[in-house]
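# Fold and contact review
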Amino acid sequence: MGDKIRVGILGLGRISTLHLQAYKPENKMNAEIVAICDKNKKRLKQVADEYNVEQTYSNVDEFLKNNKIDAVEILTPHHLHTEHTIKAFRAGKHVSLQKIPALTLSDMDKMIEVSKNTELKFRIFENFRFYEPYMKAKGLIKQNVIGKPVKIDYQMLSAEKSLSAWDVPLKSWQWRLTEKGNYKLPTIFDDGYHKHSIIAHFFDEPVKSVIAWQGKTKVFNVLDWDIPANIIYTFKDKSHMATWSISMHKFFPMQSKYYGCDEYLTIYGDYGAIYMPGCTGSLYENCDNSAPGKAGIHWIDKEGKWHSDLNVNTDWANSFVNCSREFIEAIREDRQPEVNPIEARYILQISLAIVRSLRNNYREIKVKDIEDKP
Ligand SMILES: NC(=O)c1ccc[n+]([C@@H]2O[C@H](COP(=O)([O-])OP(=O)(O)OC[C@H]3O[C@@H](n4cnc5c(N)ncnc54)[C@H](O)[C@@H]3O)[C@@H](O)[C@H]2O)c1
């Protein structure tokens, strides 16, 4: 396919900045943004001016009637995903849908069903899989450098205030704190999708059950936040496990170009380990090579030799460029883009099992027991 894929962006909220930037000419995407849609007319005009997009819409149905759009990136709040995705397929557009794909498995199944009756591509946008240190780690695991993963520790640190971070409008958080919009779990349910996706990606076997614990922290003096928290993931092989632990700080001396949080991912294998300081924020960028380590990827191999690759791109925004490119190239090459809807459904099932565990006294919940809702 020679021509560029013509993309429409639906939803121009906080995260749209990184989607819009991914299509900038310097990223040499075989695609261009031809239309944008948001019900917020002020934001619509602001984006149209900044990115020079002529075709603007405040109504989804009108936007989808535009036959110049080949593919849509859907970036609206989760509870609108099913409606917007089904409408996009009925209008003949390929769909890249931001996580979380849906709030229930039945909604997810409705989208899968509609997409199956078309020739159109359907993928869930999960950019952490396209974060370069994680891509490198996947390669090292495939090459058997640390053996089979036996334990993953995913640590996350979140701060109400840090040395630098994005301004996130209160209304971007508000729908995440509602039951209907996000089970009132802004970190555990929303951001958690990335964490379960990454854990599932590195372990080549399904998560069997989860055990979830949460505390709470008052932030900005008014909002009840759902962390600190600790999630345990178990596998059929009882010698394997993963954890995701999150702390919340009133202030942390961290720089971030994006949200006020950062991650540290460690994968322990049969005979080695991989350490990846940093992801969303820039907490580790200026650390020297001693503990906890500089942003990038470090590993110890079977012979006990330490290695570091600090040339991988550690800017979180780059994962959005890579993830958008995957969608565009998959359309051009007529193949399924990652993350495919069946795997995305399984990751959603893990998310819902965690909600059920929190609501049942932190009980262990089998992932396969989730049939629709938490
Ligand atoms: N991959 C990531 O790391 C990441 C990070 C943040 C958000 N997200 C996901 O992106 C999506 C959006 O999140 P956000 O933080 O940008 O939210 P947001 O609230 O900042 O933005 C949502 C936008 O959708 C618009 N909108 C709502 N209803 C609409 C409608 N009916 N028609 C047209 N526009 C409508 C709103 O006006 C708003 O501009 C969510 O699914 C979220 O989970 C992903």
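Quick notes on the rules
As a convention, each chain's residues are numbered from 1 in the sequence order in which they are written. Local features in this predicted model are restricted to residues of pLDDT 70 or higher, and side-chain atom pairs are both shown and tallied only at a pLDDT of 80 or more, whereas totals for entire chains, interfaces and linings draw on every residue. For the side-chain quantities, the full set of heavy atoms in the structure was used; hydrogens and water were omitted. Each helix corresponds to a stretch of at least 4 residues labelled H or I by DSSP, and each strand to a stretch of at least 2 residues labelled E; elements are numbered beginning at the N terminus. Note on method: radius of gyration uses C-alpha positions; expected globular size equals 2.2 Å times residues raised to 0.38. The buried label goes to any residue with under 20% of its type's maximum accessible area, the exposed label to any with over 50%, and the partly exposed label to all in between, with areas taken from a 1.4 Å probe on protein chains only. Should any heavy atoms of two residues lie within 4.5 Å, those residues are considered in contact. The protein chains shown are the only cover counted for residues, whose accessible areas, like all others here, come from Shrake-Rupley with a 1.4 Å probe. We call a residue near a given molecule or strand whenever any one of its heavy atoms falls within 4 Å of it. Each polar contact in these results corresponds to two N or O atoms within 3.5 Å; when the atoms are within protein, one needs to be able to donate a hydrogen and the other to accept it, and residues that are neighboring in sequence are counted only if both atoms are side-chain atoms. Residue polarity is assigned by list, with Asp, Glu, Lys and Arg as charged and Ala, Val, Leu, Ile, Met, Phe, Trp, Tyr, Cys and Pro as nonpolar; anything else, Gly included, falls into the polar class. Where each domain begins and ends follows an automated or database-derived domain assignment. Criterion used throughout: strands pair if DSSP finds at least two bridges between them. Buried area: the accessible area, evaluated with a 1.4 Å probe, that two parts lose upon being put together, summed over both parts. Between Lys or Arg on one side and Asp or Glu on the other, a salt bridge is scored when a side-chain nitrogen of the former is within 4 Å of a carboxyl oxygen of the latter. Geometry is summarised by axes, namely lines fitted to C-alpha atoms with helices restricted to the contacting stretch, and by angles between N-to-C directions that run from 0 to 180 degrees. Angle categories: roughly parallel below 35 degrees, roughly antiparallel above 145, roughly perpendicular from 65 to 115, and oblique for all the rest.

Taking an unreviewed UniProt entry as the reference, the protein chain is identified by name as Gfo/Idh/MocA family protein belonging to Promethearchaeum syntrophicum.

### Quick notes on the overall build of the protein chain
Scanning the protein chain for helices and strands turns up eleven helices and 17 strands. The globule rule puts the C-alpha radius of gyration for 374 residues at 21 Å, and the 20 Å found for the protein chain is close to it. For the protein chain, the spread of C-alpha atoms along the principal axes amounts to about 55 × 45 × 45 Å. For the protein chain, the residues scored as buried account for 59% of the 374 residues in total. Partitioning the intrachain contacts of the protein chain with sequence separation of at least 6 by distance along the chain shows that 69% fall at a separation of at least 24. Accessible area for the protein chain stands at about 16,500 Å²; split by element, carbon and sulfur atoms hold 48% of it.

### Describing the site of the ligand
Taken together, 28 residues lie near the ligand, and Asp38, His78, Asn127, Ser172 and Trp175 sit nearest. Here an oxygen atom of the ligand and a side-chain polar atom of Asp38 are 2.6 Å apart. Contact between the ligand and His78: an oxygen atom at 3.3 Å from a side-chain N or O atom of the residue. Relative to its unbound accessible surface of 850 Å², the ligand loses 90% to contact with the protein. Its residues assigned to classes, the shell around the ligand shows eleven nonpolar, eleven polar and six charged. When residues of the shell around the ligand are assigned to domains, at least three fall in each of domain 1 (5-126 + 319-337) and domain 2 (129-314).

### Remarks on the environment of Asp315
By secondary structure assignment, the location of Asp315 is in the loop between β16 (306-309) and α10 (316-333). Among the residues examined, Asp315 registers a relative accessible area of 24% and is labelled partly exposed. Linking Asp315 and Lys257, residues 58 residues apart in sequence, is a C-alpha distance of 8.9 Å. Excluding residues within four positions of it along the chain, Asp315 makes contact with Tyr131, Lys257 and Tyr258. Within the structure, the side chain of Asp315 is placed 2.8 Å from the side chain of Lys257, a separation counted as a polar contact.

### Digging into the sheet that holds strand β7 (residues 149-162)
Pairing in this open sheet of nine strands is mixed, and the strands run β16-β15-β14-β13-β7-β12-β11-β8-β17 from one edge to the other. Looking at strand neighbours, the two that pair on one side only are β16 and β17 (365-366), the edges of this open sheet. The sheet contact formed by strand β11 (residues 229-235) and strand β12 (residues 241-252) spans six bridges and is antiparallel. If you follow Ile232 over to β12, its bridge partner there is Thr243.

### Considering the domain arrangement of the protein chain
Partitioning the protein chain into domains gives domain 1 (5-126 + 319-337) and domain 2 (129-314). With 21 residues of domain 1 in contact, the opposing surface of domain 2 contributes 25 residues. The three residues of domain 1 that bury the most area against domain 2 are Arg14, Leu103 and Glu126, which together make up 37% of that side's buried surface. At the boundary of domain 1 with domain 2, the tally comes to two salt bridges. For the pair domain 1 and domain 2, the interface holds nine residue pairs in polar contact (both at pLDDT 80 or more). Elements supplying a minimum of two residues to the side of domain 1 that touches domain 2: α1 (16-22), β6 (122-125) and α10. At four residues, α10 tops the list of elements feeding residues into the side of domain 1 that touches domain 2.

### What about the sheet that holds strand β1 (residues 5-10)?
Backbone-to-backbone hydrogen bonds join strands into a sheet, with any given pair of strands oriented parallel or antiparallel. Strand order in the open sheet formed by six strands is β3-β2-β1-β4-β5-β6, with parallel pairing between adjacent strands. Every interior strand has two partners, whereas the edge strands, β3 (55-57) and β6, have only one. Each adjacent strand pair in this sheet contributes to an overall mean axis angle of 25°, direction not counted. Direction of pairing for β1 relative to strand β4 (residues 71-74): parallel, over a ladder of four bridges. By the bridge assignment, Ile9 is partnered in β4 with Glu73.

### Re the side chain of His84
Checked against the element boundaries, His84 lands in helix α4 (residues 81-90). On the basis of relative accessibility, which here comes to 6%, the residue His84 falls in the buried class. One polar contact links His84 to Thr76, side chain to side chain, over a distance of 3.1 Å. Beyond its immediate sequence surroundings of up to four residues, His84 is in contact with Leu10, Val60, Ile74 and Thr76.

### Details of the environment of Ala48
Looking at the element boundaries, Ala48 is found in helix α2 (residues 41-51). Among the residues examined, Ala48 registers a relative accessible area of 12% and is labelled buried. Separated by 33 residues in the primary sequence, Ala48 and Ile15 have C-alpha atoms spaced 16 Å apart. If near-sequence neighbours (up to four positions away) are discounted, Ala48 is found in contact with Ile36, Val53 and Thr56.

### Things to note about the packing of helix α5 (residues 105-116) against helix α11 (residues 341-359)
In helix packing, the relevant descriptors are the interaxial angle and the interaxial distance, both defined with respect to the helix axes. Packing of α5 against α11 leaves a shortest axis separation of 10 Å and a crossing angle of 175°. Judged by the inter-axis angle, α5 sits roughly antiparallel to α11. In this structure, α5 contributes Leu105, Met108, Asp109 and Ile112 to the contact, and α11 contributes Pro341, Ile342, Ala344, Arg345, Leu348, Gln349 and Leu352. Among the residues forming the contact of α5 with α11, the class breakdown is eight nonpolar, one polar and two charged.

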